[in-house]
Amino acid sequence: MATKSALTHGKTYTRREMGGYLIGMFGQNLIYQIVNTGLYFYFQNVICLPAMALGWIMTIARVWDAINDPIMGIITAKTRTRWGKFRPWLFIGTVLNAVILYVMFSAPPSLSPSGLTAYAAVFYILWGTTYTMMDIPIILMVIAILIFAKKFILTEEKVAEITEELHEKRQVQEEVK
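Residues numbered from 1 in each chain as written. Predicted model: local features only at pLDDT ≥ 70, side-chain atom pairs only at ≥ 80, totals over all residues. Heavy atoms only, no water.

**Here we look at the packing of aromatic side chains**
Turning to step 1, where the next piece is worked out: Applying the stated criterion across every chain, the model contains seven aromatic pairs.
Turning to step 2, where the next piece is worked out: On the basis of an interplanar angle of 40° and a centroid distance of 4.7 Å, the ring pair of Y32 and Y131 is categorised as tilted. Taken together, the residues span a long stretch of sequence, with Y32 in helix α1 (residues 15-46) and Y131 in helix α4 (residues 113-150) at a distance of 99 residues.
Turning to step 3, where the next piece is worked out: We classify Y32 as buried; its relative accessible area is 18%.
Turning to step 4, where the next piece is worked out: Taking relative accessible area as the criterion, Y131 reaches 7% and is therefore assigned buried.
Turning to step 5, where the next piece is worked out: Here the aromatic rings of Y42 and F43 are separated by 6.0 Å at their centres, their planes lie at 45°, and the arrangement is tilted. Here Y42 and F43 have matching classes, each one buried.
Turning to step 6, where the next piece is worked out: Here the aromatic residues Y32, Y124, W127 and Y131 are joined through ring pairs into a cluster of three or more. (Phe/Tyr/Trp six-rings, centres within 6.5 Å; stacked < 30°, edge-to-face > 60°. Helix = DSSP H or I, 4+ residues; strand = E, 2+ residues; numbered from the N terminus. Buried < 20%, exposed > 50% of the residue type's maximum accessible area, 1.4 Å probe, protein only.)

**Some words on a nonpolar patch on the surface**
Turning to step 1, where the next piece is worked out: Side chains of V63, W64, I67, I71 and I75 sit close together on the surface and give an oily, nonpolar patch of about 420 Å² of accessible area.
Turning to step 2, where the next piece is worked out: Tracing the sequence through the fold places I67 in helix α2 (residues 51-78).
Turning to step 3, where the next piece is worked out: For I67, a relative accessible area of 44% gives the class partly exposed. (Patch = residues over 30% accessible without salt bridge, like charges linked within 9 Å, V, L, I, M, F, W, Y side chains within 5 Å. Areas by Shrake-Rupley, 256 points an atom, 1.4 Å probe, with all protein chains shown as cover. Salt bridge = Lys/Arg side-chain N within 4 Å of Asp/Glu carboxyl O.)

**Description of the side chain of T76**
Turning to step 1, where the next piece is worked out: Note on placement: T76 falls in helix α2.
Turning to step 2, where the next piece is worked out: A polar contact of 2.8 Å, which involves the side chain of T76, links it to the backbone oxygen of M72.
Turning to step 3, where the next piece is worked out: Ignoring anything within four residues of it in the chain, the contact list for T76 reads K85, F86, W89, P137 and L140. (Polar contact = N/O pair within 3.5 Å; in protein donor to acceptor, adjacent residues only side chain to side chain. Contact = heavy atoms within 4.5 Å.)

In C-alpha cells form, the structure reads like this:
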C-alpha cells in the first residue's frame, strides 16, 4: 500500500515526488557550480582565452540572464499542456542543456583566437539560456508546491476550528436520531 502525504489532495504531489524534485534541484545546482568552476579553468587554460575576454563573456551572459529569467517565468506561467506548466520545460531544458554543455567543452582547436572567443561566448550564453529553461520552471514548481502545502498546514486555530465543526456535526446527528 502506497503511503500518501497530507498534500495528496486533488492534483498535487506525493512526498516522493516532492523529494525527487528537491533532489533534482540539488543536483542541478551542484552541476551548475561544477560547470562554472571547470569552465573558468577550461576557457583560460585549455583554449587560452584572455582574461579580459572571459570577463566580458561572463558579464554579457549575466546581463542576458537578467533579461531571460523573467521571460522564461512568463513563458512557464502561460504554458498549458497535459504534462502541466513545468514538466515540458524541465525536459526540454535538461536535454538541450546537456547537448550545449558537451558542445561548449568541445571547442575545435583549429579556430583562431578570436574564433575561440566567439565560440566560447556563443555557447556559454546558449548554455545559460538552456539552464534557465530548466531552472526557472523547477523553482516555480517548488514555490507552487509550497504555497499549496501552506494551505494544508494545521495551526492550533485550524485544529480548534475543525474540532468545533466536528462537534457541531455530531450534535446535529445525535439530535436527528
